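# Descriptive structure summary
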Amino acid sequence: MADSQRRLEGKVAVITGAGRGIGRAISIGYAAEGASVCCAARTTTEIEEVVEEIRSAGGNAITVQTDVTSYDDVERMNKAAADAFGGIDIVVINAGGNIGAGPIAESDPEGWVATIDLNLKGAYFTARSAIPYLKERGGGKMITIGSGIGHNGRPNTSAYACAKAGSWMLTRVLAQELWEHNISVNELVPGPVLTPGAIASWEREGTGVNTITSEWVKEAEDVVPMALFIATQPDKGPTSQSFSMMRRDT
């Protein structure tokens, strides 16, 4: 951490889905830049490991076990972050997953709705609960982790595509509503990333990483520079934007 530029010194970040993949990488990356990080996820052991890694490197972080489909959980998460660190400046809405993969005609209705709940309702709950804390700080950032599938769709991913499309619209509406409060809201589209969730999803779809020939297939750590770029822009800066790391919009 001594080699970092400390670009987030004094900032407090809440990151959902922080136990693995992109959320884990951003949590560690933000902490390395001086942020105090609230690591939230459903699996306590995973976020405890992330927080231990952050603290071992000299950073500041807490764990809050959170199911983003429960508004009570999300409220508790944000309150814990504010109580521990004095407020909230950055919210990374990352928790998600593709539970309902498969053709629409053969889809499981419960899995389809669960995918919407996790990716869209969870994003709404996280944003809704965080707004008062960001306003109290006089400004801040929300970053939604989006998907190219949410912009263009893809066969066998209807639930995930609809949820991410809704999340992108939520991002734009939030940006319009919160502009006067110096809160910027942007989407980060990572493209293909080698995370456990993505690999499992590709397997359910009958595809795999070896079939991705026209994109930069990334490790989770490759997403951190873009997440840092968005987080370090002025509060009254770019908003309602989709920052894509994809080679092409697919």
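Everything that follows concerns the structure shown earlier in this document.
So, here's what we can say about the structure. Source: prediction; values computed, not measured. (Residues numbered from 1 in each chain as written. Predicted model: local features only at pLDDT ≥ 70, side-chain atom pairs only at ≥ 80, totals over all residues. Heavy atoms only, no water.)

On inspection of all chains with the given rule, the structure shows nine salt bridges. Across the salt bridge formed by Arg 7 and Glu 33, the nearest N and O atoms sit 3.0 Å from each other. In this pair, Arg 7 is assigned in the segment before β1 (12-16) and Glu 33 in the loop between α1 (21-32) and β2 (36-41), connecting sequence segments 26 residues apart. Between Lys 121 and Asp 117 there is a salt bridge, and its shortest N-O distance comes to 3.9 Å. (Salt bridge = Lys/Arg side-chain N within 4 Å of Asp/Glu carboxyl O. Helix = DSSP H or I, 4+ residues; strand = E, 2+ residues; numbered from the N terminus.)

The biggest cluster of nonpolar side chains holds 33 residues, and the ones touching the most others in it are Ile 26, Tyr 30, Val 37, Cys 39 and Leu 188. The residues contacting Tyr 30, other than those within four sequence positions of it, are Leu 8, Ala 13, Ile 15, Ala 35, Val 37, Ile 90, Val 92, Ile 143, Ala 227, Leu 228 and Ala 231. Judged by nonpolar contacts, the second largest core, of 31 residues, contains Ile 62, Ala 81, Ala 130 and Ile 131. (Core = buried A, V, L, I, M, F, W, Y, C linked by side-chain atoms within 4.5 Å. Buried < 20%, exposed > 50% of the residue type's maximum accessible area, 1.4 Å probe, protein only. Contact = heavy atoms within 4.5 Å.)

To continue, consider the packing of aromatic side chains. Applying the stated criterion to the full structure yields three aromatic pairs. A ring pair is formed by Tyr 124 and Phe 125, whose centres lie 5.7 Å apart and whose planes are at 50°; its orientation type is tilted. An aromatic cluster of at least three residues, connected via ring pairs, comprises Tyr 71, Tyr 124 and Phe 125. We note Lys 236 situated over the ring of Trp 179; from NZ or CZ to the ring centre the distance is 4.3 Å. (Phe/Tyr/Trp six-rings, centres within 6.5 Å; stacked < 30°, edge-to-face > 60°. Lys NZ or Arg CZ within 6 Å of the ring centre and 35° of its normal.)

This part takes up the sheet that holds strand β3 (residues 60-65). Strand order in this open sheet of seven strands is β3-β2-β1-β4-β5-β6-β7, and the pairing throughout is parallel. Single-partner strands in this sheet number two, and they are β3 and β7 (242-244). Adjacent strand axes in the sheet meet at a mean angle of 20°, parallel and antiparallel pairs treated alike. When β2 meets β3, the two strands line up parallel, connected through six bridges. Of the residues in β3, the one forming a bridge with Ala 40 is Val 64. Packing of helix α8 (residues 224-231) onto the sheet brings it into contact with β4 (90-93), β5 (140-145), β6 (183-189) and β7, and relative to β5 it is tilted by some 150°. (Pairing = 2+ DSSP bridges. Axes fitted to C-alpha atoms, helices over the stretch in contact; angles between N-to-C directions.)

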